[in-house]
Amino acid sequence: MSGNKVRHTGMKSVTSQRSRRALERLLAQGGWEIRRLVLEIDSVRSQVNVECFRDDGLWVRAVKHPSGHGRLDRFQRTECLGQLHETAAGWPQSRQIRDMFLGRQYTSGARNLMRVLTQYLVDNASHPVSLASMRAAWAPLMQPRISHEESDEPF
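Model, not experiment: these values are computed from the prediction. (Residues numbered from 1 in each chain as written. Predicted model: local features only at pLDDT ≥ 70, side-chain atom pairs only at ≥ 80, totals over all residues. Heavy atoms only, no water.)

For the protein, the count of helices and strands is 3 helices and 6 strands. Reading the secondary structure of the protein in the N-to-C direction produces α-β-β-β-β-β-α-α-β. Within the protein, buried positions represent 43% of all 155 residues. If you take every contact in the protein between residues at least 6 apart in sequence, the share linking residues at least 24 apart comes to 56%. Working note: accessible area of the protein is about 8900 Å², and carbon and sulfur atoms make up 52% of it. (Helix = DSSP H or I, 4+ residues; strand = E, 2+ residues; numbered from the N terminus. Buried < 20%, exposed > 50% of the residue type's maximum accessible area, 1.4 Å probe, protein only. Contact = heavy atoms within 4.5 Å. Areas by Shrake-Rupley, 256 points an atom, 1.4 Å probe, with all protein chains shown as cover.)

Here we take up the packing of helix α2 (residues 110–123) against helix α3 (residues 131–138). Pairs of packed helices are described in terms of their axes, by the angle between the two and the distance that separates them. Viewed as axis vectors pointing N to C, α2 and α3 meet at an angle of 135°, and their least axial separation amounts to 9 Å. When the axis of α2 is compared with that of α3, the two are oblique. Regarding α2 and α3, the two cross each other, and that crossing is right-handed. Residue-level inspection shows M114, L117, T118, Q119, L121 and V122 of α2 in contact with α3, the latter providing L131, M134, R135 and W138. The residue inventory of the contact of α2 with α3, partitioned by class, reads 7 nonpolar, 2 polar and 1 charged. (Axes fitted to C-alpha atoms, helices over the stretch in contact; angles between N-to-C directions. Parallel < 35°, antiparallel > 145°, perpendicular 65-115°, else oblique. Left-handed = near helix turned anticlockwise from the far one by under 90°. Nonpolar A, V, L, I, M, F, W, Y, C, P; charged D, E, K, R; others polar.)

The structure is reproduced here in structure tokens:
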């Protein structure tokens, strides 16, 4: 994953990087990959923006809005070689990405959103992963006063 940026200080940075790698390994066992991770859980102002992609094109986005509610969106991505409808005839084909919306679930608060996300990742893993191990892998990244901001943009 290139383009990652991490904002941490001192020992918490090393711990956070180890926690992130442990989570990535567990998710990979279930066929998932983190493409975006902005996670800051505290009592005053929490931020959640997480995107996980499964190896077959299913992907999920968990976002906590400033209003306090959380939202889990689910999509199915397909890729093909083609042209947009507006493209003139004879123009070369290009990679087309289509995300089909599958559903949405609302939650109250950041911690509840993360509980729903971890349950979804376990329930929809390509290969079995235990809920206990998934929760344990996310737990260090959800500690208060540590900001985890990483992104691996697919484009």
